[in-house]
Amino acid sequence: MRALVLGGTAFVGRAIVDALVRDGAEVTLFGRGRTGRELFPGVRRLVGDRDTGAYAALTAAARERPFDVVVDVSGYVPRQVRGALAALDEAGGHAGRYVFVSTQAVYESDGHPRRKAPRRDVDDVARLDNSTYGPAKVACEDAVTARFGERATLVRPGQVVGPHDTSGAFLYWLRHAERGGPTALPGDPAQPVQLLDARDLGRLVAALARRDLGGAFDAVGPAEPLTLAGLLAQCARVAGTEAWLVPVADRPAYFPFVRDDWAGQRRDPGPARAVGLTATPFAETVAAVRDWDAGHGRPVLEAGLGYTAEREAELLAAGNTPAR
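Below is a short write-up of the structure. Counting restarts for each chain, with residues numbered from 1 along the sequence as it is written. The model is predicted, so local features are restricted to residues of pLDDT at least 70 and side-chain atom pairs to those at 80 or more, both for listing and for counting; the totals for chains, interfaces and linings are taken over all residues. To get the side-chain values, take all heavy atoms of the structure and skip hydrogens and water.

## Regarding helix α3 (residues 78–90)
Worth spelling out the cut-off: Each helix corresponds to a stretch of at least 4 residues labelled H or I by DSSP, and each strand to a stretch of at least 2 residues labelled E; elements are numbered beginning at the N terminus. What a helix should span is 1.5 Å times the count of its residues minus one. Relative accessible area decides the class of each residue, using a 1.4 Å probe on protein chains only: under 20% of the type maximum gives buried, over 50% gives exposed, and in between gives partly exposed. We call two residues in contact when some of their heavy atoms are within 4.5 Å.
Compared with an ideal rise of 1.5 Å per residue, which puts 13 residues at 18 Å, α3 spans 18 Å between its outermost C-alpha atoms and is within 8% of the ideal. Residues of α3 that are buried: Pro78, Gln80, Val81, Gly83, Ala84, Leu85, Ala87 and Leu88. Contacts from the buried residues of α3 go to β1 (2–6), α2 (56–64), β4 (67–72), β5 (95–101) and α4 (133–148). Gly92 sits one or two positions beyond α3 and adopts a positive phi of about 95°.

## Observations concerning the packing of helix α5 (residues 169–179) against helix α7 (residues 228–239)
For any two helices packed against each other, the geometry comes down to the angle between their axes and how far apart the axes lie. The test is simple: In this analysis an axis means a line fitted to C-alpha atoms, helices contributing only their contacting stretch, and an angle means the value between N-to-C directions, from 0 to 180 degrees. Oblique is the label for any angle not covered by the other classes, which are roughly parallel (under 35 degrees), roughly antiparallel (over 145) and roughly perpendicular (65 to 115). Note: crossing handedness is left-handed where the near helix turns anticlockwise from the far helix by less than a right angle, and right-handed where it turns clockwise. Note on residue categories: nonpolar means Ala, Val, Leu, Ile, Met, Phe, Trp, Tyr, Cys or Pro, charged means Asp, Glu, Lys or Arg, and polar means any other residue, Gly included.
Look at α5 against α7: their axes get within 8 Å of each other, and the N-to-C directions meet at 55°. It follows from the interaxial angle that α5 and α7 lie oblique. Seen from above, α5 lies across α7 with right-handed handedness. When α5 is examined against α7, the residues Phe170, Trp173, Leu174, Ala177 and Glu178 are found in contact with a partner set consisting of Leu228, Leu231, Leu232, Cys235, Ala236 and Ala239. For the contact of α5 with α7, the class distribution of residues is 10 nonpolar, no polar and 1 charged.

## Topic: the sheet that holds strand β6 (residues 152–157)
Spelled out, the test is: The pairing criterion for strands is at least two bridges between them, as found by DSSP.
An order of β3-β2-β1-β4-β5-β6-β10 is seen for the 7 strands of this open sheet, with the pairing classed as parallel. Both outer strands of the open sheet, β3 (44–47) and β10 (215–219), are each paired with one neighbouring strand and no more. Across this sheet, the average inter-strand angle for adjacent strands is 20°, counted without regard to direction. Two strands pair when backbone bridges link them, and β1 and β4 are joined in this way by 4 bridges, in the parallel orientation. The residue bridging Ala3 from the neighbouring strand is Val69, located in β4. Packed on one face of the sheet, α3 meets β1, β4 and β5 and runs near 170° to β5.

## Details of the side chain of Asp49
To keep things clear, this is the line we draw: When charges are counted, Lys and Arg contribute as positive and Asp and Glu as negative, whereas His and the chain ends are disregarded. When a carboxyl oxygen of Asp or Glu lies within 4 Å of a side-chain nitrogen of Lys or Arg, that pair is called a salt bridge. Whenever two N or O atoms come within 3.5 Å, that pair is a polar contact, provided that in protein one can donate a hydrogen and the other can accept it, and provided that, for residues adjacent in sequence, both atoms are side-chain atoms.
Mapped onto the elements of the fold, Asp49 is located in the loop between β3 and α2. Put simply, Asp49 is tucked away with no salt bridge, and the nearest opposite charge, on Arg34, sits 4.3 Å away. One polar contact links the side chain of Asp49 to the main-chain amide nitrogen of Asp51, over a distance of 2.9 Å. Excluding residues within four positions of it along the chain, Asp49 makes contact with Phe30, Arg32, Arg34 and Ala54.

This is the structure we're talking about:
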């Protein structure tokens, strides 16, 4: 199987390329060539830029020999996807299937767990933020489906975690668990949370490509239902500490994994698991992230991620929180 991956050297894309290579695929990467040059020796690399429409290398490669599958990891706005589709068309449409890595953000909440909510209205945007990310991905999905029809595959991951995730969201929880003791939470400890190991996502994409399967698939994890309280407890168990959540009233602009939409954290993984989504035990994911973090010197997390240490200490000392 000849696979073209648009992106593929950061986090999610890295896991997908690794799974494809392990699956025996002949992989070609298309990207700007600025990161991950040491990864995947022997894999062919095409240099281009989706933001500027520089697809010449992709078109030339597709003319040489058709790709069995294109995996789009780096399409965030419709113009990027339309550019890739136009480049393939210029080469004679040489691609058997197009797998687009989308997002759960294409759904609106309808308040009912385990029932797919309507997709957001299509919105072609150039700038992404919390209000435009989902609509832009919808427009990307529609562009792929319009061009490839039954040969389009849409993978909609939930929150993805694992080694090489530099967002800091999961590390915020893990480091609090390693510290032990109380952790301030601006939410309900019983809130469900669906965290997908990036390596499981990679194996799903590889399986869909290998089996030439079309359709839309919700990719969520972990193996067993998880709550915010369970998330911290399992992280603490792996770290060998004891940690617990203390609900507080102060809600920052962003707090990792805290959601008002509980239905969006109860998606059904059954259809995706039936076609190749694996379910790594959550403790294994925690251990892998912990090892990766230690190997990278435990870098300082970005500002604005949850509470600062000082603010959390103030909230815990205020005395207006429920007893443990």
